Amino acid sequence: MKIELDELVVFLAIVDTGSMTAAAERLGQPVSTVSRLLGRLEEKLATPLLRRTTRRLDLTDEGNAFVSDARGILHAVQAAEDRLVERRGQLSGQLRIDAATPFMLHVLVPLIPEYRARHPNVTLTLSSNEGFIDLLERRVDLAVRIGELKDSTLHSRLLGHAPLRLVASPRYLQTHGTPTTIEELMRHELLGFSEPDSLNVWPLRDPDGKRVRIEPTLKSSSGETLCRLALQGMGIASFSDFHTWADLEAGRLVEVLPELTIPASRPIQAVYYRHSAVSAKIESMVSYLAESLRRQPWLC
């Protein structure tokens with residue numbers, strides 16, 4: 001008996017969500033249908049793929065080995081469908097894009113109307129994750145990441161660099177004073193990240209020539225949350241320019257210690273799963289982002 005695509009879709013939905021109920025909700029199917037399709041797949045393969053426990057479904061050793069093959073099959077089928085559609089001369093279908101919340105809100109969202117005008121038949125799904133994710137597991141076609149990449153299974157295209165600087169609201173500086181040295185800065189309220197800690201290394205150098213790592217007095221895992229706190233006068237923070245450019249231009253934030261800030265930036269990269277044929281939808285969005293970002297005043 002031959003494996004059918006809907007069986008693979010159900011299997012991966014269960015793996016990604018952890019239960020048949022959640023998989024059924026994602027797929028819009030009855031739980032009984034999901035259970036039947038999984039059972040049919042296991043019967044064809046003559047091996048159990050998932051181990052039922054009291055709380056969730058876990059992969060067996062055979063199931064774990066089969067996951068990447070199943071993902072690859074579905075990805076290849078989707079790519080083949082995309083190529084057929086693209087040969088008819090107009091992009092269409094689903095394009096799922098992920099980015100950290102600040103980049104999504106301040107950069108991507110303002111660019112979406114023009115892309116939609118160019119490609120009205122492409123259905124966009126936007127998601128935000130603050131850290132690195134498995135694109136296949138999260139069903140993401142394209143992600144925009146700020147920082148260095150370590151995953152060798154991904155293709156990437158450098159879109160540019162976003163400079164870093166220290167900022168605070170005028171109200172905060174009026175109340176607490178403006179630091180003129182690194183020593184004075186360390187006595188201020190410092191807004192930083194709870195994770196990853198590498199984001200608490202600011203574009204300053206100590207007397208030994210090392211980059212300055214701050215100890216935040218107020219932490220969050222969300223850059224957008226920290227920016228809102230800075231705007232409310234809660235402390236000094238360090239952000240990429242794409243995040244705060246509009247606030248700096250409007251005077252809602254001002255730069256702190258510009259004379260001590262060293263040139264530092266973080267790469268902005270479009271990343272997608274490494275496979276033989278890149279979807280024209282992915283290529284269209286990557287090219288559009290590269291073109292659009294070149295017009296941004298903060299890009300370097």
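Everything that follows concerns the structure shown earlier in this document.
Counting starts from 1 at the beginning of each chain's written sequence and moves along it residue by residue. Local features in a predicted model are, by the rule used here, given only for residues with pLDDT of at least 70; side-chain atom pairs are given and counted only at 80 or more, and totals for whole chains, interfaces and linings are based on all residues. Note: side-chain values were computed over all heavy atoms of the structure, leaving out hydrogens and water.

*Asks:* Please explain helix 9 (residues 241–250) as it appears in this structure.
*Replies:* One turn of the α-helix equals 3.6 residues, which is why residues spaced by three or four share an orientation. Working definition: with a 1.4 Å probe on protein chains only, accessible area under 20% of the residue-type maximum means buried, over 50% means exposed, and in between means partly exposed. Going along the chain from the N terminus, every DSSP run of H or I of four or more residues is numbered as a helix, and every run of E of two or more is numbered as a strand. Regarding helix 9, the residues found buried are D241, F242, H243, T244, D247 and L248. In what follows, a contact means two residues having at least one pair of non-hydrogen atoms within 4.5 Å. The secondary structure elements touched by the buried residues of helix 9 are helix 5 (101–118), strand 5 (142–146), strand 6 (154–168), helix 8 (223–231), strand 11 (237–240) and strand 12 (254–256). Of the residues trailing helix 9, G251 is marked for its positive phi of about 85 degrees.

*Asks:* I keep staring at the pattern of salt bridges and nothing clicks. Help me out?
*Replies:* When the charged atoms of two side chains lie near each other, side chains of opposite charge can form a pair. A pair is scored as a salt bridge if a Lys or Arg side-chain nitrogen falls within 4 Å of a carboxyl oxygen belonging to Asp or Glu. Using the criterion set out here, one finds 20 salt bridges in the structure. With its nearest N and O atoms 2.8 Å apart, the salt bridge here joins E114 to R118. Placement of the pair is E114 and R118 together in helix 5, with a separation of 4 residues, close to one helical turn. Classification of E114 as partly exposed rests on a relative accessible area of 34%.

*Asks:* Just to check I follow, could you spell out the packing of helix 5 against helix 10 (residues 280–293) for this structure?
*Replies:* Pairs of packed helices are described in terms of their axes, by the angle between the two and the distance that separates them. Between helix 5 and helix 10, the least distance of the axes is 11 Å, while the angle of their chain directions is 115 degrees. As for the relative orientation of helix 5 and helix 10, their crossing is right-handed in sense. Taken together, the residues of helix 10 that come into contact with helix 5 (itself represented by F103, V107, L108, L111, E114, Y115 and R118) are K281, S284, M285, Y288, L289, E291, S292 and L293. Looking at the contact of helix 5 with helix 10 residue by residue, the class counts come to 9 nonpolar, 2 polar and 4 charged. Orientation is described by lines fitted to C-alpha atoms, with helices fitted over the stretch in contact, and by angles between N-to-C directions that extend from 0 to 180 degrees. Should the near helix be turned counterclockwise from the far one by less than a right angle, the crossing is left-handed, whereas a clockwise turn marks it as right-handed. In this classification, Asp, Glu, Lys and Arg are treated as charged, Ala, Val, Leu, Ile, Met, Phe, Trp, Tyr, Cys and Pro as nonpolar, and every other residue, Gly included, as polar.

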